[in-house]
Amino acid sequence: MTWDVALILGIDGLANGAVYLLAGLGLVLIFSVTRVVFVPFGDVAAFSALSLAAFEAGRTPATIGLVLTLAALAVGVEVASLLRRGEARRIPRALLGWGLLPALPCLAAWAISGPGVPATLRIAVAVALVVPITPLVARVALQPVADASVLVLLIVSLALHFLLSGLGLLFFGPEGSRTAPLADGALTLPGGFPLSAQVMLMIGAAVVLSAMFFLLFERTVAGKALRATAVNRVGARLVGIRPARTALLAYTLASLLAGLIGVLVAPVMTMYYDSGFLIGLKAFVAAIIGGMVSYPLTAVGALAVGGVESFASFWSGALKDVIVFSLLIPVLMLRSFMARHVEEEAEEIDR
């Protein structure tokens, strides 16, 4: 290990941390609003990368079939729920929201499939194509059990990961894909170290999106509604905020983040139908460092995970994931030590 190698590993860790930062923000957003640890987050990112790779190859992305399948399931669940509650008059609205709107990006993706399409348009449609996936999955499997315990929601979320992974294999196949770099060129740092434009784009995207999230929560009505629901669901309902709508907004924003992550990482790693699981799992480590509620601490945790992963891969490529996930042990021990144990305190008072 020399200073030159350490600098290279540090830059690589910063790029990885930028990806985990965006994924961690999505996980914390969903959990704080809905109490769901959304395990399939990385799967959505993988589908975005595979969709972009299909566009570049001149093929129609299989994501269209996946989205339409989920939309049909969501429409069926919503219509059945309305009929059970005796609200048949709202069925046209359900068909519009859960059927037509998710089909619009599918139509756009079908229209631009083929050569001669600008790269920017392909990227935008690839991201838009996966945005409906998370809300549709949540409507089918998570909304019916929204009031269940966190453990039940976690089990359902884990089952959804295996479901989406299986659907990914069915629609995309086992082959991996890698896309062309989103930005060409490099910046030469002092000392002659090149910093690729792709890495700078990943870091810059993380900074810009984090700032946009801050402005969303601080300056917009929708962001304040998300914060209110995260702080107190009952209180938010009492002041007129509908937790179901804020949950839908949280799922949509997180799905948008996952789509952006997919197109950012597709040029630097070969993506398979199940490649997103490790991305989501490492982002979950960052979210745990942030306590699943703090966005700044999640950002710090993401940078720590990225740095540890980069340096661990230098010492032992086979054990780098083990080293990264080992970060959970001291973090959980520290949080357990600092947390208030209400049951123990109550027992002491009884004595």
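Residues numbered from 1 in each chain as written. Predicted model: local features only at pLDDT ≥ 70, side-chain atom pairs only at ≥ 80, totals over all residues. Heavy atoms only, no water.

A. Main features of the overall build of the chain. Helices and strands together make up the secondary structure of the chain, namely 16 helices and two strands. The C-alpha atoms of the chain give 21 Å as radius of gyration, which agrees with the globular expectation for 351 residues (20 Å, within 12%). With the C-alpha coordinates of the chain rotated into their principal frame, the extents come out at 70 × 70 × 40 Å. Taking all 351 residues of the chain together, 45% fall into the buried category. Within the chain, counting contacts between residues at least 6 apart in sequence, those at least 24 apart form 74% of the total. Accessible surface, the chain as shown: approximately 17300 Å² in total, 69% of it carbon and sulfur. In the chain, 22 positive and 19 negative side-chain charges are present, and the distance between their average locations comes to 13 Å. (Helix = DSSP H or I, 4+ residues; strand = E, 2+ residues; numbered from the N terminus. Rg over C-alpha atoms; globule rule 2.2 N^0.38 Å. Buried < 20%, exposed > 50% of the residue type's maximum accessible area, 1.4 Å probe, protein only. Contact = heavy atoms within 4.5 Å. Areas by Shrake-Rupley, 256 points an atom, 1.4 Å probe, with all protein chains shown as cover. Lys, Arg positive; Asp, Glu negative; His and termini not counted. Charge placed at Lys NZ, Arg CZ, Asp CG, Glu CD.)

B. Spotlight on helix α2 (residues 41–56). For α2, with 16 residues, the first-to-last C-alpha span of 24 Å sits near the 22 Å given by 1.5 Å per residue. Among the 16 residues of α2, 15 are classified as buried, and the element is accordingly described as predominantly covered. Once α2 ends, the next one or two residues include G58, with phi positive near 80°. (Expected span 1.5 Å × (residues − 1).)

C. Representation of the packing of helix α3 (residues 63–84) against helix α4 (residues 91–112) in the model. At a closest axis distance of 9 Å, the pairing of α3 and α4 adopts a crossing angle of 175°. As the angle between them shows, α3 and α4 are arranged roughly antiparallel. For the pair α3 and α4, contact is made by I64, V67, L68, A71, A74, V75, E78, V79, L82 and L83 and by I91, A94, L95, W98, G99, P102, A103, C106, A109 and W110, respectively. Taken together, the residues of the contact of α3 with α4 break down into 18 nonpolar, one polar and one charged. (Axes fitted to C-alpha atoms, helices over the stretch in contact; angles between N-to-C directions. Parallel < 35°, antiparallel > 145°, perpendicular 65-115°, else oblique. Nonpolar A, V, L, I, M, F, W, Y, C, P; charged D, E, K, R; others polar.)

D. Highlighting the packing of aromatic side chains. As enumerated under the stated definition, the model contains six aromatic pairs in all. The rings of F213, F217 and Y295 are connected pair by pair, giving a single aromatic cluster. (Phe/Tyr/Trp six-rings, centres within 6.5 Å; stacked < 30°, edge-to-face > 60°.)

E. Here's a closer look at the pattern of salt bridges. Across all of its chains, the model carries five salt bridges by this definition. With a closest N to O distance of 2.6 Å, R139 and E78 form a salt bridge. Separated by 61 residues along the polypeptide, R139 in helix α6 (residues 133–142) and E78 in helix α3 bring together distant segments of the chain. E78 carries the same exposure label as R139, and that label is buried. Residues R85 and E87 are paired through a salt bridge, measuring 3.2 Å at the closest nitrogen-oxygen approach. Owing to a relative accessible area of 45%, R85 belongs among the partly exposed residues under this scheme. Counted as one network, the salt bridges with shared partners bring together R85, E87 and R90. (Salt bridge = Lys/Arg side-chain N within 4 Å of Asp/Glu carboxyl O.)

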